[in-house]
Amino acid sequence: MQLSRIDLNLFAVFDAIYRERGITAAARQLHLSQPAVSHALARLRELLGDPLFERQGNVMIPTPMARGLAGTVRASLGGLDQALRQVGQFDPASSQRLFKVATSGSAELSFLPELAERVAREAPGIRLATVRADRGNLEEDLRSGELDLALDIGLPLTAEIRRQQIGTSELVVLARVGHPAIGPGFDMEAYLAQEHVLVTGRRRGVGLEDVALGRLGMRRRIRVRCQRHAAASAIVARTDLLATMSRSQAALDDAQAGIQVLALPVVLPALETFLYWHATADADPASQWFRSAMLQALEG
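Conventions and cut-offs
Residues numbered from 1 in each chain as written. Predicted model: local features only at pLDDT ≥ 70, side-chain atom pairs only at ≥ 80, totals over all residues. Heavy atoms only, no water. Helix = DSSP H or I, 4+ residues; strand = E, 2+ residues; numbered from the N terminus. Rg over C-alpha atoms; globule rule 2.2 N^0.38 Å. Buried < 20%, exposed > 50% of the residue type's maximum accessible area, 1.4 Å probe, protein only. Phe/Tyr/Trp six-rings, centres within 6.5 Å; stacked < 30°, edge-to-face > 60°. Pairing = 2+ DSSP bridges. Axes fitted to C-alpha atoms, helices over the stretch in contact; angles between N-to-C directions.

A word on the overall build of the chain. Along the backbone of the chain there are 11 helices and 12 strands. For 300 residues, the compact-globule estimate of 2.2 N^0.38 gives 19 Å, and the C-alpha radius of gyration of the chain, at 31 Å, exceeds that figure by more than 25%. In terms of overall dimensions, the chain has a C-alpha envelope of 105 × 35 × 30 Å along the principal axes. The proportion of buried residues among the 300 residues of the chain is 38%.

Here you go:
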């Protein structure tokens with residue numbers, strides 16, 4: 001028997017008859033006519049192949065099958081009723097929800113410690129998860145609810161995806177202290193003469209900075225591709241490779257000794273960061289609370 005083929009209202013009638021022990025009383029409690037309740041009971045009897053209730057005088061006595069079903073039916077109806085009552089409401093202190101944020105691993109440092117602290121204080125039942133952003137599926141993941149938020153650079157997404165700019169950061173160059181090509185006269189010619197580390201989650205293709213350089217007729221040589229800015233910093237500290245990243249990212253990841261941060265010797269557009277969510281989450285109280293908590297953590 002498939003649940004999808006059963007009218008769930010029949011179980012509400014079953015529960016009322018079980019509690020009231022009579023069709024008339026059940027009809028009154030359900031605000032239905034007595035014939036309607038009798039008809040519903042007849043349909044459920046046919047579906048389950050059991051009389052469910054036997055009349056003894058003015059009382060409907062449940063059969064063994066009815067007694068076996070009663071607890072599960074009542075718990076299920078109660079859970080559904082509670083869920084419907086909570087629609088449009090959100091209590092972080094009692095919520096057991098899981099919130100997922102897509103972001104780069106290094107960007108976690110900009111918000112996750114403060115966000116986790118707030119959740120532990122205000123919403124101890126809420127769980128957090130950060131996952132690596134898959135830009136090709138980002139819009140669908142936000143639409144389906146697989147993701148609640150995404151933190152990323154400016155992306156060409158449809159109007160269904162809401163966005164709020166978090167900040168901008170200029171691009172800088174990381175080089176090891178003592179790099180033979182770095183000096184007071186460090187210019188674009190010297191920059192392009194060196195080999196570089198590219199930080200990207202893509203398997204192929206160039207970075208955003210390379211696209212901007214290409215518009216100016218410039219091209220750099222990529223020696224190493226990696227996924228983490230911290231890894232790029234570690235490579236820079238041990239080689240003569242250069243790494244280009246936002247100043248804010250350099251501040252987050254540059255924990256390596258012996259690295260110098262230099263101005264990029266050409267003016268390129270600043271890197272913009274946005275918080276993304278789907279339009280259907282605009283009016284959802286739980287999403288509103290989490291979005292506010294996320295924004296405050298990013299501001300902190």
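Read on, since the account is not over.
This paragraph deals with the packing of aromatic side chains. Summed over the entire model, instances satisfying the criterion amount to 6 aromatic pairs. Ring centres 5.5 Å apart and planes at 45 degrees place the aromatic pair Phe14 and Phe53 in the tilted group. Residue Phe14 is located in helix H1 (residues 9–20), and its partner Phe53 is located in strand S1 (residues 53–56); the two are separated by 39 residues in the primary sequence. For the pair Phe14 and Phe53, one class covers both residues: buried. With a centroid separation of 4.3 Å and an interplanar angle of 15 degrees, the aromatic rings of Phe99 and Phe290 are classed as stacked. Taken together, the positions of Phe99 in strand S3 (residues 98–102) and Phe290 in helix H11 (residues 285–299) put the pair 191 residues apart, joining distant regions of the chain.

Read from one edge to the other, the open sheet built from 5 strands follows the order S9-S8-S10-S7-S11, with strand pairing classed as mixed. Of all strands in the sheet, those with a lone pairing partner are strand S9 (221–226) and strand S11 (259–263), marking the two edges. Put simply, the sheet's adjacent strands are angled 35 degrees from each other on average, direction ignored. Relative to strand S10 (residues 242–246), strand S7 (residues 171–176) is paired through 4 bridges, and the arrangement is antiparallel.

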